[in-house]
Amino acid sequence: MSGFRLADGGRIDRRTKRTFSFDGKASWGYAGDSLASALLAQGQMLFGRSFKYHRPRGILGAGVEEPNALVTVDRGPGRVTPNLRAPSVALHDGLAATSQNRFPSLRFDMVALNDQFGAFFPAGFYNKTFMWPRAAWEKVYEPIIRRLAGLGDSPTTRDPDHYDATYAHCETLVVGAGPAGIAAALEAAANGGRVFLLDEQDEIGGGALSDPAQWAWLAEASAKLAAMDNVTVLSRTTAIGHYHQNFVVAAERLTDHLPVDAAHGPREKLWRIRAGEVVLAMGAIERPLVFEGNDVPGVMLASAARTFALRYGVAVGRKLVVMAVHDSGWRDALALHAAGVPITAIVDLRRDIAPELAEAARDARIACYPGYAVTKVSGRLAVDGVSIALAGVGKGLKLDCDAVLMAGGWTPTVHLWSHAKGSLRWDENWGAFLPDKTHEDLRCVGACAGAWDFGSGLSVGLLPAPKPLHESKAFVDFQNDVKARDIGLAVQEGFRSIEHIKRYTTNGMATDQGKTSNLNGLQIASGVLSRPVTEIGLTTFRPPYTPQSFGAMLGHHKEALFQPLRKTVIDDWADIQGAVYENVAQWRRARYFPQGSEDMDAAVARECRAVRSAVGVFDASTLGKIEVVGPDAAEFLNRMYTNPWKSLEPGRCRYGLLLGEHGFIIDDGVSARLAPDRFHLTTTTGGAARVLGMMEDYLQTEWSDLNVWLTSTTEQWSVIAVQGPKARRVIAPLVEGIDLSPEAFPHMAVREGQICGVETRLFRVSFTGELGFEVNVPAEHGRMVWDAIWAEGQKHGVTPYGTETMHVLRAEKGFIIVGQDTDGTVTPDDAGLGWAVGKKKPDFVGKRSLARPDIVAPGRKQLVGLLTEDPQMVLEEGAQIVADPNQAVPMTMIGHVTSSYHSATLGRSIAMALVAGGRDRMGDTLHIPMPGKTISAKVVAPMFYDPEGSRLNG
Amino acid sequence: MLLIHCPYCEEARPEVEFVYGGEAHIARPIDPSAFSDAEWEKLLYIRSNPRGRHHERWRHTHGCGRFFNAVRDTVTDVFETTYKAGEARK
Ligand SMILES: [Zn+2]
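Note that this is a predicted model, so its numbers are computed, not measured.

### Digging into the overall build of chain A
Thinking step 1. When you go through chain A residue by residue, the secondary structure sums to 23 helices and 50 strands.
Thinking step 2. For chain A, the C-alpha atoms occupy an extent of roughly 115 × 70 × 55 Å along the three principal directions.
Thinking step 3. Every one of the 954 residues in chain A was classed for burial, and the buried ones make up 58%.
Thinking step 4. Carbon and sulfur atoms make up 54% of the accessible area of chain A, which amounts to about 38300 Å² in all.

Below is the structure:
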């Protein structure tokens, strides 16, 4: 209990108290406090437990760089957010925050035993230890790791909040509203263009918020910006990432800073901003120093202590020791002293201190230890003293203190610069990478450009110490619990590139993306390898700059708006009938129509029997449709499809098989020639857009001499499949102008006429193996015609059926579904569709590839039928097939099941499969190993019902 | 998100309106059957995959629907130019 509220100072409103709770305990602060400053003011030093060793941890920073003090904020059911950084959580009445990763409590943590056995957790521990035996992984290791190594818990209930999203355009976008950013925004605004100024904090000002001398200027500048109508200032808005051509994405937090009952409207708003020029004014983050005990609660960045004192009026302790290698530590110490925060001593590894700093410290009666380094921090839950030694190894002494401030120099925040692929150059004075070149209209100003005076210092992360590196507990990455010795171990084990060292040690891979650890890790690796930093490389920054909510990423695209849902004009009817739906290529399709308490199997069996014995109706409107028109239409299709099209007479249909240039099946469908220069193509439901795109590609770029027009007509036509022995009788009374007799209108023919008084393209086609028609009518009449067919069908026992029944019926006939029975590696011959390839055609898309050596080689997987020995056993689609069930694991898999159903028509199960050399295995018994059993099945031709096709001619 | 200049619409439009179409200037031969297996393999599968200037096809799918060619730097993603299908390689 050492932090306290200073008698005066800070930007907090001391007249307005805020009450909140931390770990269930009531506490209070002032308006303008952050959760961190309010708790520090109450003397709280312990904020969390570390990731791997569950070591007690306090506050390190005062901003988004904070790696330790992660809290979960509970704003009611479904509104629990883990891993928020306490310094970035604005205090409001009723705020309920809890610490994380402790068991059972923050002060007493059982898992902290990890720390005592820390030798068991070196770098690469996870990779090395949990490799085997495999069974132990699921049952033993994973549950333990989940318990030990977790941050906050993921929410388990639906997020009830709404998230907004918007686009914006401007001439100048400034990221970061510190002094440099504000100056850049004012300058740009004076030129008259639209200016956006973004800042992640609750108020703009950046570093100026911690410097009372700048407050008057800040107030004036803020007022000036607010008064300019070409300027948009967004606070609580984090620029997450910079993308191509100055496209910046930013998340604005709208309500999290408000009490729950005052939070109305969207929680966050995602801005997508395209800017002419982007100015990055993101400042710099102070670096910690790496020494024994640098993670004890109370050891923090000097800049953080300064911010807590001058912005929030909170002293982080009553006896502070500063450990500096940089002038900024002295400046912060003097500023803290002036604000009434007691500074006991300044320890600096440098022997030579700028005379004006040394003199000022002396005047302030601060003891100075130039040439010294902290070698040990005592205290477990809070600092109670430090040991220091000359050059870290010489004669030592102890200093009494309750907080240690680290001043290790500054790292410019170049994250967004790096997102934009801007190059970096190493700067020896900063001991850090600075922006160099970019091809974007992008520039850095202020500290992130290296254009800021923090003074000078050494660039060392690791302080010299009496203990050898491999014995020390000096932390580099606080959030991922990476010690200096882990980096040493990684190098010892042969890792050289910082990208590899990072992944092996997990340095910089936590939610803070190494904001305080990357440079120190690099420096330590450089030291151990005895190679300059520039030869070791720099890890790449990637968006987002800070962790973001999934809600903000989704914006409005959730629930019903998650993705478009396409519905046919008959969908409402199916809904009323109680259809169970499935989504196919964003179309909502009726899968089956259960009656009473029927399950899917019962409903599908009934629907199948109805189609085979009487008549069924099916909404096939989702079929892809393309109108191909022009004098060269037949020539074009002849080149696209495998089979001949020029000879197809108007009024006739043909099954078309479409290959890629690689020779594999990519789509199929029945198409009709309506006139010499007009075709009505159909494609698979999912392939419609792809097929049109492919045809446009060939037409525009390969055969631009052909006079052909392609138009997508998928949504122009409703398609009602009427299938079954009584199909003709159902439609006959409704059709005008078409002779429906089998002689005049044979299978695979098309006629134009009228149905129910509207135009129709009537196809006599069948995907069921029964006598069938597909009634195409303009979509606006689809529901009317469906209702009329439904009414007429009542006399004949008409039954609606869904996609599942359609699948079973077609499988009984051995008709393939592209994408189910094919997988992009199946040729026409593999699928048993060699008959659909025009042997005499000189060329078509994919033809040359059908003669490639691997395509004509024996042993390819071929489509076959499978009949299980147990007729009631339905195979799993996707199940692997073996020839020898007794072979030792790993067994030789010779194929897999592609389609499998129970066939009510046949009273048994049926399946189709792709099997190596399948057509040579007819009559053989193959085996399908499943958990706990092996199923045997006989190879048959993939045609289970009416092989002669006599039922088509009803 | 990239901004891509469509040479037909003569406008820079956001990337989401376009679909990438692979390497440009690989014409389908008039008579593929004249190609040896090795030549056909090369035509089908082997691409230049350069670091730097890349000639590639794009389609303004959600715009004019036209295919066109572009020169893009594969390191920076900067488009050097876009031009109509059928025009000479730039
Ligand atoms: Zn266009």
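### Considerations on the environment of Pro87 of chain A
Residue and element names in this part refer to chain A.
Thinking step 1. Within the secondary structure, Pro87 is located in the loop between β7 (80-85) and β8 (95-99).
Thinking step 2. Of the residues examined, Pro87 reaches a relative accessible area of 7% and is grouped as buried.
Thinking step 3. With 48 residues separating them along the chain, Pro87 and Leu39 place their C-alpha atoms 10.0 Å apart.

### A look at the coordination of the zinc ion
Residue and element names in this part refer to chain B.
Thinking step 1. For the zinc ion, every protein donor is listed as Cys6 (SG), Cys9 (SG), His60 (ND1) and Cys64 (SG), and the spread of their distances is 2.0 to 2.3 Å.
Thinking step 2. If you look at the zinc ion, its 4 donor atoms make angles of 105 to 116° with each other, and the shape they trace is tetrahedral.
Thinking step 3. Spacing between the donor residues of the zinc ion along their common chain follows C-x2-C-x50-H-x3-C. Taken together, the residues span a long stretch of sequence, with Cys9 in the loop between β1 (3-6) and β2 (11-14) and His60 in the loop between β4 (53-59) and β5 (67-73) at a distance of 51 residues.

### Focus on the interface of chain B and chain A
Thinking step 1. Contact with chain B, which involves 24 residues of that partner, is made by 27 residues of chain A.
Thinking step 2. Summed over both partners, the interface of chain B with chain A buries about 2200 Å², with 48% contributed by carbon and sulfur atoms.
Thinking step 3. Sorting the residues of chain B by area buried against chain A places Met1, Arg28 and Trp40 of chain B first, and these three jointly supply 32% of that buried surface.
Thinking step 4. Applying the counting rule to chain B against chain A returns 5 salt bridges.
Thinking step 5. The salt bridge involving Arg848 of chain A is made with Asp37 of chain B; its shortest N-O contact spans 2.7 Å.

### Looking at the domain arrangement of chain A
All names here are of chain A.
Thinking step 1. Per the domain assignment, the segments making up chain A are domain 1 (4-120), domain 2 (160-285 + 410-456) and domain 3 (467-549).
Thinking step 2. Using C-alpha coordinates to define each centre, domain 1 is positioned 26 Å away from domain 2.
Thinking step 3. Each partner contributes to the interface: domain 1 provides 12 residues, whereas domain 2 provides 17 residues.
Thinking step 4. Buried surface at the junction of domain 1 and domain 2, summed over both partners, amounts to about 1200 Å²; 53% is from carbon and sulfur atoms.
Thinking step 5. Of all residues in domain 1, Arg11, Arg75 and Arg79 bury the most surface against domain 2, accounting for 51% of the area lost on that side.

### Section: the sheet that holds strand β39 (residues 717-723) of chain A
All names here are of chain A.
Thinking step 1. Here 7 strands make up an open sheet; going across it, the order is β40-β41-β42-β43-β39-β33-β44 and the pairing mixed. Of all strands in the sheet, those with a lone pairing partner are β40 (735-736) and β44 (799-800), marking the two edges.
Thinking step 2. Sheet analysis places β39 next to strand β43 (residues 772-778), joined by 7 bridges and oriented antiparallel. Bridging from a neighbouring strand, Ser718 pairs with Val777 of β43.
Thinking step 3. Where helix α21 (residues 782-793) meets the sheet, its contacts fall on β33 (616-619), β39, β41 (749-755), β42 (758-764), β43 and β44, and the angle it forms with β39 comes to roughly 15°.

### What about the pairing of strand β45 (residues 861-868) of chain A?
Residues and elements named next belong to chain A.
Thinking step 1. Most of β45 is tucked away, with 6 of its 8 residues classed as buried.
Thinking step 2. Where β45 lies against strand β50 (residues 933-940), 4 bridges are found, and the strand directions are antiparallel. Of the residues in β50, the one forming a bridge with Leu866 is Val939.

### Notes on the pairing of β8 of chain A
Residue and element names in this part refer to chain A.
Thinking step 1. Where burial is concerned, the two faces of β8 differ: the one with Leu95, Ala97 and Ser99 is buried and the one with Ala96 and Thr98 is not.
Thinking step 2. When strand β2 (residues 13-22) meets β8, the two strands line up parallel, connected through 3 bridges. Counted as the bridge partner of Ser21 is Ala96 from β8.
Thinking step 3. Bridging between strand β6 (residues 70-74) and β8 involves 3 bridges; their strand directions are antiparallel.

### Description of helix α9 (residues 355-363) of chain A
Residues and elements named next belong to chain A.
Thinking step 1. Residues Leu357, Ala358 and Ala361 constitute the buried set of α9. One side of α9 holds all its buried residues, which, seen down the axis, span an arc of 100°. In α9, the exposed positions angled more than 90 degrees off the buried face are occupied by Pro355, Glu356, Arg362 and Asp363.
Thinking step 2. The inward-facing, buried residues of α9 contact α8 (327-338), β19 (343-348) and β20 (367-370).
Thinking step 3. Following α9 by one or two positions, Arg365 adopts a phi angle in the positive range, close to 60°.

### Comments concerning the packing of helix α5 (residues 179-190) of chain A against helix α6 (residues 215-227) of chain A
Residue and element names in this part refer to chain A.
Thinking step 1. Two elements in contact, α5 and α6, have axes separated by 11 Å at closest approach and are oriented at 35°. Our pair here, α5 against α6, has a crossing hand that is left-handed. Judged by residue contacts, Pro179, Ile182, Ala185 and Leu186 of α5 engage Trp217, Leu218, Ala221, Lys224 and Leu225 from α6.
Thinking step 2. Classifying every residue of the contact of α5 with α6 by side-chain character gives 8 nonpolar, no polar and 1 charged.

### Regarding the sheet that holds β5 of chain B
All names here are of chain B.
Thinking step 1. Spatially, the 4 strands line up as an open sheet ordered β3-β4-β5-β6, and their pairing is antiparallel. A single partner strand is all that each edge strand has here, and the edge strands are β3 (19-23) and β6 (79-84). Within the sheet, the average angular offset between the axes of one strand and its neighbour, ignoring direction, is 30°.
Thinking step 2. Strand direction decides the pairing type here: β3 and β4, joined by 3 bridges, are antiparallel. Within β4, the position partnered with Tyr20 by the bridge is Trp58.

### A few points about the nonpolar core
Residue and element names in this part refer to chain A.
Thinking step 1. Counting 84 residues, the largest nonpolar core has Leu35, Phe291, Phe308, Val316, Met323, Val386 and Leu405 as the members making the most contacts within it.
Thinking step 2. Ranked by residues supplied to this core, first place goes to helix α7 (residues 302-312) with 7 residues.
Thinking step 3. Membership of the second largest hydrophobic core comes to 33 residues, among which are Tyr592, Cys608, Val818 and Tyr901.

### Concerning unusual backbone geometry
Thinking step 1. Cis geometry marks the peptide bond from Pro543 of chain A to Pro544 of chain A; its omega dihedral reads 0°.
Thinking step 2. Here Pro544 of chain A shows up in the loop between α14 (533-536) and α15 (550-554).
Thinking step 3. Looking along the chain, the bond that leaves Val889 of chain A and enters Pro890 of chain A is cis, with omega of 0°.
Thinking step 4. Position of Pro890 of chain A among the secondary structure elements: in the loop between β46 (880-882) and β47 (893-903).
Thinking step 5. The phi angle at Arg236 of chain A is positive, at roughly 50°, despite the residue not being glycine.
Thinking step 6. The phi dihedral of His25 of chain B falls on the positive side, at around 60°, and the residue is not glycine.

### As for the packing of α7 of chain A against α8 of chain A
All names here are of chain A.
Thinking step 1. Following both chains from N to C, one finds α7 and α8 inclined at 25°, their axes separated by 9 Å at the closest point. The angle between the axes of α7 and α8 places the two elements in the roughly parallel class. Between α7 and α8 lies a crossing of left-handed hand. On α8, the residues touching Ala302, Ser303, Ala305, Arg306, Ala309 and Leu310 of α7 are Arg331, Asp332, Ala335 and Leu336.

### Brief notes about the pattern of salt bridges
If the charged atoms of two oppositely charged side chains come close together, the side chains can form a pair.
Residues and elements named next belong to chain A.
Thinking step 1. Counted under the stated rule, the structure contains 54 salt bridges over all chains.
Thinking step 2. The salt bridge partner of Glu292 is Lys467, with a shortest N-O separation of 3.2 Å. On the criterion of sequence distance, the pair formed by Glu292 in the loop between β15 (284-286) and β16 (299-301) and Lys467 in the loop between β28 (442-444) and β29 (475-477) is long-range, its members being 175 residues apart.
Thinking step 3. Its relative accessible area of 40% is what places Lys467 among the partly exposed residues.

Basis of the calculations
- Residues numbered from 1 in each chain as written.
- Chains lettered and ligands numbered in written order.
- Predicted model: local features only at pLDDT ≥ 70, side-chain atom pairs only at ≥ 80, totals over all residues.
- Heavy atoms only, no water.
- Helix = DSSP H or I, 4+ residues; strand = E, 2+ residues; numbered from the N terminus.
- Buried < 20%, exposed > 50% of the residue type's maximum accessible area, 1.4 Å probe, protein only.
- Areas by Shrake-Rupley, 256 points an atom, 1.4 Å probe, with all protein chains shown as cover.
- Donors = N, O, S within 2.8 Å, 3.2 Å for Na, K, Ca; no water.
- Tetrahedral: all angles 85-135°; square planar, octahedral: opposite > 155°, others 65-115°.
- Contact = heavy atoms within 4.5 Å.
- Buried area = accessible area lost by both parts, 1.4 Å probe.
- Salt bridge = Lys/Arg side-chain N within 4 Å of Asp/Glu carboxyl O.
- Domains from an automatic or database assignment.
- Pairing = 2+ DSSP bridges.
- Axes fitted to C-alpha atoms, helices over the stretch in contact; angles between N-to-C directions.
- Arc of directions from axis to C-beta.
- Left-handed = near helix turned anticlockwise from the far one by under 90°.
- Nonpolar A, V, L, I, M, F, W, Y, C, P; charged D, E, K, R; others polar.
- Core = buried A, V, L, I, M, F, W, Y, C linked by side-chain atoms within 4.5 Å.
- Parallel < 35°, antiparallel > 145°, perpendicular 65-115°, else oblique.

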